[in-house]
Amino acid sequence: MGTPARGTTKASGNVTSPCKILKCNSEFWAATSGSHHLGAEEAPEFCTALRAYAHCTRRTARTCRGDLAYHSAVHGIDDLMVQHNCSKDGPTSQPRLRTLPPGDSQERSDSPEICHYEKSFHKHSATPNYTHCGLFGDPHLRTFTDTFQTCKVQGAWPLIDNNYLNVQVTNTPVLPGSSATATSKLTIIFKSFQECVDQKVYQAEMDELPAAFADGSKNGGDKHGANSLKITEKVSGQHIEIQAKYIGTTIVVRQVGRYLTFAVRMPEEVVNAVEDRDSQGLYLCLRGCPLNQQIDFQAIRSAQATEGRTRRKGPSLPAPPEAFTYETATAKCREKLPVEDLYFQSCVFDLLTTGDINFMLAAYYAFEDVKMLHSNKDKLHLYERTRDLATGNMAPMGTYPTLWVAVALLCLSQCWLCLL
């Protein structure tokens, strides 16, 4: 289950969405966990919990207009009311229902073959090629083609948009007046697929990482192959994993500090399953960030190094909650990321930009997810000059020209300040 909501007011001027549908979902799941196949004697208790769920959604209706998870929950409640013969009138307290033994809940070993990607899509062809996309930090994007970008992308942006699922992220400023943003909300829509799964919506936001879909379920619904879509909670309130076997896809969502990270492993066939390729220009995992949203990572880092060393004050960058110099940021990042690849460099970038130590952990876990999800172990590390590297080799120090340029500029700036 997700971490209980902790109120709407946040530090550093950020405010959580007033829509509290995730809290309603979590309360309903807590009351009915393991009770999907109820006996007749338990139906009244389930209906009581369902009425409480409906009451909770009504309380937040005004603030949840346009929220996909809210509308999914409302429709789900109506369906469950009909399925369980529940009256809309009656008690609304939420008793804790009996949970079934582990392994009993909605387990179906006879799922149809169409609900297992490798068995169905590639019955007469080679093993599918898998690819990876990840988003973390301030925010940094690794696309399905292993392009690494640092982007602004404030507000809501689509990460994935194909025939099987949609993923949308919302990025908000980390500090008031700063261009640094991080992911504060994530919505994943799994579209209904043959006899495998019903449409399911997963939504997470700051301080709320549920271990269930928006309707309270943990799998693909009532269809025969429902278990081909599953949510597993790895660390309560911090790490969930979604397995969508019917499309050969694994999704990892984490909350690190106050912000979310996203990582996915998906077959190329599914990545490219799009009705109209021309309409996919904003599909970030496939096309990358628009040029006007990209940040020149290498050019800005030398300025960060100078800013961090001299602690020069100016109107362009607000003071972070904890000041890092270029040296202390690199030392801190090296503790978790010993290889000076783009994950290491993004860690340094984020510490200097935000002053938040959790961004170091976000970079670390993003790379851990790459190690778990990327199918080509020779492409785990990315560098500034990837094309110049032999496959699978660690880049020698000579492949970091801009890093040495940054150091040189730093020394020159220090000498210039002495002369002044």
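Our subject is the structure listed above.
Residues numbered from 1 in each chain as written. Predicted model: local features only at pLDDT ≥ 70, side-chain atom pairs only at ≥ 80, totals over all residues. Heavy atoms only, no water.

Colleague: Report on the pattern of salt bridges, specifying residues and quantitative values.
Modeller: Per the stated rule, a full pass over the model turns up 7 salt bridges. Here Lys 223 makes a salt bridge to Asp 198, at a shortest N to O gap of 4.0 Å. Placement of Lys 223 in the loop between strand E7 (200-205) and strand E8 (229-235) and of Asp 198 in the loop between strand E6 (181-190) and E7 is noted, with a sequence separation of 25 residues between them. You can call Lys 223 partly exposed: its relative accessible area is 21%. Take Asp 198: its relative accessible area is 26%, and that puts it in the partly exposed class. (Salt bridge = Lys/Arg side-chain N within 4 Å of Asp/Glu carboxyl O. Helix = DSSP H or I, 4+ residues; strand = E, 2+ residues; numbered from the N terminus. Buried < 20%, exposed > 50% of the residue type's maximum accessible area, 1.4 Å probe, protein only.)

Colleague: Describe the pairing of strand E4 (residues 155-161), and please don't skip the residues or the numbers.
Modeller: Across 6 bridges, the pairing between E4 and strand E5 (residues 165-173) is antiparallel. Considered in E5, the bridge of Ala 156 is made with Thr 170. (Pairing = 2+ DSSP bridges.)

Colleague: So what's going on with the packing of helix H8 (residues 326-336) against helix H10 (residues 358-373)? Residues and values would help.
Modeller: Helix packing for two helices is described by the angle between their axes and how far apart those axes are. It is the contact of H8 with H10, at a shortest axis distance of 10 Å, that shows an interaxial angle of 35°. Where H8 crosses over H10, the two elements pack in a sense that is right-handed. Across the interface between the two elements, Lys 332, Cys 333 and Lys 336 from H8 touch Met 360, Leu 361 and Tyr 364 from H10. For the contact of H8 with H10, a count of residues per class yields 4 nonpolar, no polar and 2 charged. (Axes fitted to C-alpha atoms, helices over the stretch in contact; angles between N-to-C directions. Left-handed = near helix turned anticlockwise from the far one by under 90°. Contact = heavy atoms within 4.5 Å. Nonpolar A, V, L, I, M, F, W, Y, C, P; charged D, E, K, R; others polar.)

Colleague: Hey, could you go over the packing of aromatic side chains for me, with residue numbers and the actual values?
Modeller: A full pass over the atoms with the stated rule returns 9 aromatic pairs. Summarising the aromatic geometry, the rings of Tyr 164 and Phe 193 are spaced 5.8 Å apart at their centres and angled 70° between planes, so their arrangement reads as edge-to-face. Of this pair, Tyr 164 sits in the loop between E4 and E5 while Phe 193 sits in the loop between E6 and E7, and the two are 29 residues apart along the sequence. In this pair, the class of Tyr 164 matches that of Phe 193, namely buried. A centroid spacing of 6.0 Å and a plane angle of 80° characterise the contact between Phe 190 and Phe 213, whose relative ring orientation is edge-to-face. Of this pair, Phe 190 sits in strand E6 while Phe 213 sits in the loop between E7 and E8; the two residues are 23 residues apart in sequence, bridging distant segments of the chain. The buried category is assigned to Phe 213, whose relative accessible area is 1%. The rings of Phe 136, Phe 148, Tyr 343 and Phe 367 are connected pair by pair, giving a single aromatic cluster. Positioned above the aromatic ring of Tyr 130, the side-chain terminus of Arg 265 is 3.7 Å from the ring centre. (Phe/Tyr/Trp six-rings, centres within 6.5 Å; stacked < 30°, edge-to-face > 60°. Lys NZ or Arg CZ within 6 Å of the ring centre and 35° of its normal.)

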